[in-house]
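# What the coordinates show
Residue-level listing of the chains:
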Amino acid sequence: QLARDIKHLGVHPTDLQRTKLQEWSNILQSKIEQWSKVQLLYMPVIARLRILDIPTSRTHSTEEKVHKIELWLPS
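Quick caveat: nothing in here was measured; it's all calculated off a predicted structure.

## Brief notes about the overall build of the protein chain
For the protein chain, the helix and strand inventory stands at four helices and zero strands. For the protein chain, the N- to C-terminal ordering of α and β elements is α-α-α-α. Residues classed as buried in the protein chain amount to 11% of the 75 residues present. For the protein chain, the share of sequence-separated contacts (at least 6 apart) that also reach a separation of at least 24 residues comes to 55%. Carbon together with sulfur atoms contributes 59% to the accessible area of the protein chain, which is approximately 6500 Å² in total.

## Description of the packing of helix α2 (residues 15–42) against helix α3 (residues 45–53)
Look at α2 against α3: their axes get within 7 Å of each other, and the N-to-C directions meet at 125 degrees. For the element pair α2 / α3, the angle class is oblique. In this structure, α2 contributes Ser36, Gln39 and Leu40 to the contact, and α3 contributes Ile46, Ala47 and Arg50. By residue class, the composition of the contact of α2 with α3 is three nonpolar, two polar and one charged.

The rules behind the values
- Counting starts from 1 at the beginning of each chain's written sequence and moves along it residue by residue.
- Thresholds applied to this predicted model are a pLDDT of at least 70 for local features of residues and 80 or more for the giving and counting of side-chain atom pairs; totals over whole chains, interfaces and linings are not thresholded and use all residues.
- With hydrogens and water set aside, each side-chain value is computed from the structure's full complement of heavy atoms.
- Put simply, DSSP H or I for four residues or longer makes a helix, DSSP E for two residues or longer makes a strand, and each gets a number counted from the N terminus.
- Under the scheme applied here, a residue whose accessible area is under 20% of the maximum for its type counts as buried, over 50% as exposed, and between as partly exposed, the area being computed with a 1.4 Å probe on protein chains only.
- Any two residues whose heavy atoms approach within 4.5 Å at even a single point are treated as in contact.
- Surface accessibility follows the Shrake-Rupley procedure with a 1.4 Å probe radius. Residue values consider only the protein chains on display as shielding.
- For every element, the axis is a line fit to its C-alpha atoms; helices are fit only across the contacting stretch, and the angle between N-to-C directions ranges from 0 to 180 degrees.
- Convention used here: angles under 35 degrees read as roughly parallel, angles over 145 as roughly antiparallel, angles from 65 to 115 as roughly perpendicular, and any remaining angle as oblique.
- Classification used: nonpolar for Ala, Val, Leu, Ile, Met, Phe, Trp, Tyr, Cys and Pro, charged for Asp, Glu, Lys and Arg, polar for all others including Gly.

Right, here's the structure in full:
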């Protein structure tokens, strides 16, 4: 939903719209970080997969978009 909201943001978003998107982004980032810690405890191989999955363009960019982070969910 966050990606859709960002996509549908107008050409001139209001401060309130930008604030809401930033809040949702921060909440999602926090939940992903919590999940990653639990995931590493039960699936330690994920640490290696995350390292291998980082393209060089992402290592030099300022920030990864939170709605595009790979979660590596178990099947």
